[in-house]
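# Structural features, examined
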Amino acid sequence: MICSKIKHTHYLFLVFIVFIISCSKDSFDDTTTGDEEGIISDTPENSITTPCDFDLSNLTANSTITIDCLLDLDGATVTLPSNVNFEFAGGDIVNGKLIFSTGTIDGRLLSSKLEVEGDVTLASPTFKFYAVRWDIVEGRSKVTSEVALKNTEILEKVFFFTKKLGASTFKIDKLDAFFEVTKTTSTAINANWYPTLEAVNIPSNFTLEMTDNTHLRIFPGDKHNRNGGAILAVRDAENITVTGGNLYGDRDQRVFSPDDNGLEGSHLFYIHSGRNIVVDGVNFEDGSSGTFAIFSFGFSYNPDYNPTKNVTIRNCVIKNSRRMAIALVDGRDITIENNTFIDAGQPSENTDGGEVGYAINIEPERFRDENGVLKERQRVFNVSIKGNKESGSRGGFLTLTIGQDITVENNEIGTRVVYSLVSGVKIINNKFKAVGTATDSWGIFAAGSGETVFNNEIAHNTIEGYSAGIIVGSYDAYIHDNAITNCGAGIQLSKATKARIHSNTITVEKNGIQATNTNNNDIEIQNNTITSASGFLVYFAQMNNQAAHENQKVVFDTNKFIGSRAITFSNSNGITFRNNEVDGGLEVGNTKHIDISSNIIRPGDRSGIRLFDAHLDTKITNNTIYQPTGGTRYSCIDNNSTTPSEVTTSGNTCN
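Bear in mind that the values here come from a model prediction, so they are computed numbers and not experimental data.

When the terminal C-alpha atoms of helix α1 (residues 145-164) are compared, their 29 Å separation across 20 residues agrees well with the 28 Å that a helix rising 1.5 Å per residue should span. With 15 of its 20 residues buried, α1 lies for the most part within the structure. Once α1 ends, the next one or two residues include G166, with phi positive near 110°.

Dropping the structure here:
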């Protein structure tokens with residue numbers, strides 16, 4: 001049996017006796033393991049079983065031996081002269097140890113039945129893995145937690161063993177096996193459990209190539225394994241590429257605790273202080289606590305901080321991930337592109353959807369110290385999220401809670417995006433089209449305020465089918481050149497400050513722009529075209545109507561409004577409405593500090609401007625108003641103010 005798991009920090013000292021299987025057969029059964037489950041193991045190229053008619057006792061330096069037979073060392077240790085090279089021709093070497101003094105060996109001759117020591121490299125930097133040559137147990141029926149734990153140990157050790165011999169590319173084709181990742185393997189007293197340590201770790205400067213025939217599965221956790229682990233991990237390593245294959249979680253097989261708060265379960269892939277990492281074209285399904293977790297060793301303000309950087313996740317399919325698909329809590333220069341996200345955070349037959357519910361969650365941790373100074377334990381910045389397709393996520397596609405300089409572009413989004421305590425965020429050139437329950441929600445929510453929220457942009461997006469296109473409740477948001485169609489409402493303002501809303505095209509069923517029971521300040525709404533089929537073109541009610549908000553301002557300038565219903569300002573304060581074209585009319589009542597000037601107003605079945613109830617400091621000046629077409633009961637200006645001395649009307653024309 002292979003000895004207990006020793007992590008890769010000790011590999012330089014291993015003599016690789018861990019690969020000897022003293023009780024196994026001398027040859028491999030190429031088609032057993034799991035055939036009752038329809039699993040057929042990959043067949044090695046070692047097809048010749050004829051015993052060799054030579055031994056290695058008379059080798060001389062600079063020899064090349066072609067292995068076209070079965071060379072049984074009978075338990076011997078053979079110390080080789082310098083520069084001995086073993087070539088592969090269909091045979092095998094078993095039951096012994098080779099000690100090299102320089103030389104090479106073909107990777108196809110390596111197995112658990114042969115120890116290799118000394119100064120030796122692989123004949124080729126590309127190594128092909130066969131489960132049957134390394135005693136990986138495939139299938140489900142024969143696998144216990146102990147067997148799956150041994151699978152984890154074996155695969156990782158073969159990674160590091162072949163890497164030490166010079167492998168840079170590790171290929172796996174047919175493989176269907178379970179891996180136990182929830183147990184502490186250290187034999188130290190009171191040893192801690194480190195999830196990235198207990199996964200199958202990938203060495204630095206290494207490419208893992210898998211195929212559609214490669215299936216790596218987490219062995220189902222039990223209720224005592226509250227946190228879980230991951231199948232594969234990058235742990236303080238660099239220059240790693242993983243391509244192809246299928247990784248499966250245990251969300252429908254796992255036994256969750258009765259008091260699970262939505263956090264239990266396992267991921268499928270950890271990146272823990274990884275540098276220059278690429279994950280390309282991998283299929284991920286059923287992560288019970290998520291799929292990717294990306295984080296770092298240390299805190300950003302300490303000297304031992306070891307940040308994750310330059311990570312690319314592309315061309316992957318991430319399906320049915322509980323909680324979230326990607327959790328990014330510490331990293332820089334991260335690219336997430338051309339992936340497909342399906343049903344993140346949705347409930348399944350065995351479990352609820354967990355907390356969060358977004359496909360991608362960016363949420364580093366920070367706090368204020370005793371002096372009120374903001375301290376960032378974790379940092380996320382320079383992130384590109386582009387070209388992805390998302391549908392069915394319970395919460396949404398993306399939540400940007402904290403971070404800097406994050407670009408979200410050219411994605412096809414079926415749910416929604418929200419940002420909060422961020423700066424330098426660009427949500428640009430995306431296609432939002434609500435699918436399923438997303439039709440009852442908003443498309444984009446710009447939230448968050450405070451000193452770390454600034455310079456955020458939402459531009460050139462198409463947004464279709466939501467109850468509201470964009471909600472703006474943030475500081476310093478620049479929202480421009482978006483097309484919002486077939487939504488209940490276009491843009492909603494809710495406690496926004498210093499927002500610029502420019503050059504958007506809004507075509508909706510109900511309200512074009514709305515703000516109710518809220519306050520907004522330093523808002524510039526300019527050069528937009530707004531069309532409503534049956535709702536208000538603008539509807540402001542109970543906006544800035546508290547004493548604390550009396551100096552706050554919202555400015556409409558050079559917009560075009562098309563619709564049959566009016567622009568309504570009710571119980572609101574601090575609105576300037578100038579240089580706009582309105583097909584419809586305006587209704588203004590219970591307002592303070594209102595300036596309506598230099599507009600062109602073409603009313604239909606209503607008055608051009610109707611004033612009702614009380615007013616304070618309200619100016620109606622220099623507007624060009626066309627005669628209403630709906631009848632003689634309507635007029636260009638219908639002034640029914642109960643405080644006429646607070647209304648100034650001058651320079652208006654009625655055409």
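Attention now moves to empty space enclosed by the protein. Scanning the entire structure with this criterion turns up one cavity of 30 Å³ or more. Estimates place the volume of the largest cavity at around 30 Å³. Along the walls of the largest cavity sit G107, R108, L110, F127, K128, F129, Y130, R133 and W134, which together make up its complete lining. Of the residues in the lining of the largest cavity, the class split is five nonpolar, one polar and three charged.

With that out of the way, let us pick up the pattern of salt bridges. Inspection of every chain in the model, using the stated rule, returns 30 salt bridges. Linking K97 and E117 is a salt bridge whose minimum nitrogen-to-oxygen distance equals 3.0 Å. Note that K97 is positioned in strand β3 (residues 92-105) and E117 in strand β4 (residues 114-122), a separation of 20 residues in sequence. Exposure class is identical for K97 and E117. Each is buried. Here the residues in one salt-bridge network are E45, D106 and R108, joined through shared partners.

What follows deals with the state of the cysteines. For the coordinates displayed, the defined rule picks out two disulfides. What pairs with C52 in a disulfide is C69, and their sulfur atoms sit 1.8 Å apart. On the sign convention where negative means left-handed, the S-S torsion of about 95° between C52 and C69 marks this disulfide as right-handed. Of this pair, C52 sits in the segment before β1 (64-67) while C69 is found in the loop between β1 and β2 (70-88), placing the two residues 17 residues apart along the sequence. A relative accessible area of 16% means that C52 is categorised as buried. In this model C636 forms its disulfide with C654; the gap between the sulfur atoms is 1.8 Å.

Okay, the nonpolar core next. By size, the foremost hydrophobic cluster in this structure holds 142 residues, and its most contacted members are F86, F129, F540 and F556. In terms of residue count, β2 provides more of this core than any other element does, seven residues in total. Once residues within four sequence positions are removed from consideration, F556 is found in contact with I513, I525, V538, F540, F561, F569, I575, T576, F577, R578 and N580.

We now examine the pairing of strand β5 (residues 126-129). Along a regular strand, successive side chains alternate from one face of the sheet to the other. A one-sided burial pattern is seen for β5, the buried positions being F127 and F129 and the unburied ones T126 and K128. Pairing analysis gives four bridges linking β5 to strand β6 (residues 169-172), with the strands arranged parallel. Bridging from a neighbouring strand, T126 pairs with T169 of β6. For the handedness criterion, the β-α-β arrangement of β5, α1 and β6 is classed as right-handed.

Time to look at the side chain of S145. Within the element layout of this structure, S145 appears in helix α1. We classify S145 as buried; its relative accessible area is 11%. Beyond its immediate stretch of four places on either side in the chain, S145 contacts E180, K183 and F219.

In this section: the pairing of strand β39 (residues 505-508). Only one face of β39 is buried, namely the one carrying I506 and V508, since none of T505 and T507 on the opposite face is buried. The sheet contact formed by β39 and strand β42 (residues 529-532) spans four bridges and is parallel. The residue of β42 that forms the bridge with T507 is T531.

Our next topic: the side chain of S112. Tracing the backbone through its elements, the reader meets S112 in the loop between β3 and β4. Here the side chain of S112 touches D135 through a polar contact of 2.6 Å, side chain to side chain.

As for its placement among the helices and strands, Y539 is situated in strand β43 (residues 538-543). When the C-alpha atoms of Y539 and G465 are compared, they prove to be 20 Å apart, with 74 residues separating the residues in sequence. If we skip the residues at most four places from it in the chain, Y539 touches N511, I513, Q514, A515, T516 and T568.

Conventions and cut-offs
- Residues numbered from 1 in each chain as written.
- Predicted model: local features only at pLDDT ≥ 70, side-chain atom pairs only at ≥ 80, totals over all residues.
- Heavy atoms only, no water.
- Helix = DSSP H or I, 4+ residues; strand = E, 2+ residues; numbered from the N terminus.
- Expected span 1.5 Å × (residues − 1).
- Buried < 20%, exposed > 50% of the residue type's maximum accessible area, 1.4 Å probe, protein only.
- 1 Å grid on protein atoms, 1.4 Å probe; cavity = no way out; pocket = protein on both sides within 12 Å on 5 of 7 lines; lining within 4 Å.
- Points joined across faces, edges and corners; volume = space filled by probe spheres on them.
- Nonpolar A, V, L, I, M, F, W, Y, C, P; charged D, E, K, R; others polar.
- Salt bridge = Lys/Arg side-chain N within 4 Å of Asp/Glu carboxyl O.
- Disulfide = S-S within 2.5 Å.
- Core = buried A, V, L, I, M, F, W, Y, C linked by side-chain atoms within 4.5 Å.
- Contact = heavy atoms within 4.5 Å.
- Pairing = 2+ DSSP bridges.
- Right-handed = clockwise from strand over helix to strand, strands pointing away.
- Polar contact = N/O pair within 3.5 Å; in protein donor to acceptor, adjacent residues only side chain to side chain.

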